[in-house]
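# Architecture at a glance
Spelled out from the first residue to the last, the chains are:
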Amino acid sequence: MTDETPICSAKGCRVAAVWVLAWNNPKIHTPERRKTWLACEEHREHLSQFLGVRGFLKDVVPFGEWEARNAADGDAGSGAGSGA
C-alpha cells in the first residue's frame, strides 16, 4: 500500500478499499448530494447494511468504476473519502 491507496472506512480497518458506498442523509443533504464511505471486501456488506437500515445508502460501486465516473465528469478532485 502507498499513501495514495484508498483505505476501508470501517473502524480500525487498514485494508485497501475496493468499493465505494455512496449515501446521503435526507434530513441534512440535498437529494443529489453524495457522501462516500470506502469498503474492503470484508466490510462492504456490514457498512451497506448500516447505511441501508437508515435509508441513507444510494449506491454501491467498485472503486475503479467510481474513479472513472468522477474523471469522466471532470470531478477528479472530489473522489471517495473515509469517515465511518
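Residues numbered from 1 in each chain as written. Predicted model: local features only at pLDDT ≥ 70, side-chain atom pairs only at ≥ 80, totals over all residues. Heavy atoms only, no water.

### What to know about helix α2 (residues 63-72)
Those residues of α2 that fall on the buried side of the exposure criterion are F63, W66 and N70. Each buried residue of α2 sits inside an arc of 60 degrees when the element is viewed along its axis, so together they form one side. Relative to its buried face, α2 has exposed residues pointing more than 90 degrees away, namely G64, A71 and A72. On the buried face of α2, the contacting elements are β1 (19-23), β2 (35-39) and β3 (57-62). (Buried < 20%, exposed > 50% of the residue type's maximum accessible area, 1.4 Å probe, protein only. Helix = DSSP H or I, 4+ residues; strand = E, 2+ residues; numbered from the N terminus. Arc of directions from axis to C-beta. Contact = heavy atoms within 4.5 Å.)

### Looking at the pattern of salt bridges
Counted under the stated rule, the structure contains two salt bridges. Where D59 meets R69, a salt bridge forms, and the shortest distance between an N and an O atom there is 3.5 Å. In this pair, D59 is assigned in strand β3 and R69 in helix α2, connecting sequence segments ten residues apart. Among the salt bridges present, the one from E65 reaches R69, with a minimum N-O distance of 3.1 Å. Taken together, the positions of E65 and R69, both in helix α2 and four residues apart, correspond to about one turn of that helix. The class for R69 is partly exposed, based on a relative accessible area of 35%. (Salt bridge = Lys/Arg side-chain N within 4 Å of Asp/Glu carboxyl O.)

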